[in-house]
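# Tertiary structure, described
Here's the letter readout for the chains.
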Amino acid sequence: MRVNTRPSSLSLIFRSYLADLRQWLGRLATGYALACGVMLIGAVALLVAIGIGVAAAFHALEVHYGIWIAYAAIGGVFLLLGIVGLVVGRVLLARPAPAVPSPGRQADMLKRAIAVPVAARLIASNRTGAGESVDPTTRALAAGAAIMLVGWFAASRARRQRDAIQD
């Protein structure tokens, strides 16, 4: 294994996409954790409200109508907090998940990683006269590949501009 080797372009592109994917998963997990936490708080508050309501009902039967307005108010507040917490948590969970990141940036990097060395070889072979030893079929294939790469760049740029205008 060589000591001072640079990682390949494909490796860098793959790592870049993995970083984007890891970031997306982190945001997704954080959103679900927040929603579950709010729902848990709502469920606990609802249980407290039920406990206070049961205690208030018991005391209401035991002692006629004095302190029970206080129990009813406290139980009502916890009941309201519990229902609000459950509804907010449900709304948070019902949100659509963010879209999986598209590898558009990495595809552009891949295009450049492929096109630059090919174009450099084509230019170098034409300037140094090394193109004299290349047969006409290889030249035609290289020219076709270069034209396809340029067309690929132009088509993807036009599509991105069209998509940006529609958004």
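Keep in mind the model is a prediction, meaning the values are calculated, not measured.

## What to know about the overall build of the chain
Within the chain one finds 4 helices and 0 strands. Moving toward the C terminus, one meets the helices and strands of the chain in the order α-α-α-α. Put simply, 82% of the contacts in the chain that link residues at least 6 apart link residues at least 24 apart.

## A closer look at a nonpolar patch on the surface
Together, Leu40, Val44, Val48, Val77, Phe78 and Leu81 give the surface a local cluster of nonpolar side chains, amounting to about 510 Å² of exposed area. Taken together, the elements giving at least two residues each to the nonpolar patch come down to helix H1 (9-62) and helix H2 (68-94). Within the secondary structure, Val48 is located in helix H1.

## Focus on the confidence of the model for the chain
On average, residues of the chain score 77 in pLDDT, and 73% of them are at 70 or above. Mean pLDDT in the chain bottoms out at helix H3 (residues 104-128), which sits at 70, and peaks at H1, which reaches 84.

## Brief notes about the side chain of Ser16
The residue Ser16 is located in helix H1 in this model. Look past the residues within four positions of Ser16 in its chain and what remains in contact with it is Arg105 and Gln106.

## A closer look at the side chain of Asp20
For Asp20, the location among the structural elements is in helix H1. Among the residues examined, Asp20 registers a relative accessible area of 18% and is labelled buried. Each residue touching Asp20, except ones within four places of it in the same chain, is listed here: Pro101, Arg105 and Gln106.

Calculation criteria
- Residues numbered from 1 in each chain as written.
- Predicted model: local features only at pLDDT ≥ 70, side-chain atom pairs only at ≥ 80, totals over all residues.
- Heavy atoms only, no water.
- Helix = DSSP H or I, 4+ residues; strand = E, 2+ residues; numbered from the N terminus.
- Contact = heavy atoms within 4.5 Å.
- Patch = residues over 30% accessible without salt bridge, like charges linked within 9 Å, V, L, I, M, F, W, Y side chains within 5 Å.
- Areas by Shrake-Rupley, 256 points an atom, 1.4 Å probe, with all protein chains shown as cover.
- Salt bridge = Lys/Arg side-chain N within 4 Å of Asp/Glu carboxyl O.
- pLDDT = per-residue confidence, 0-100.
- Buried < 20%, exposed > 50% of the residue type's maximum accessible area, 1.4 Å probe, protein only.

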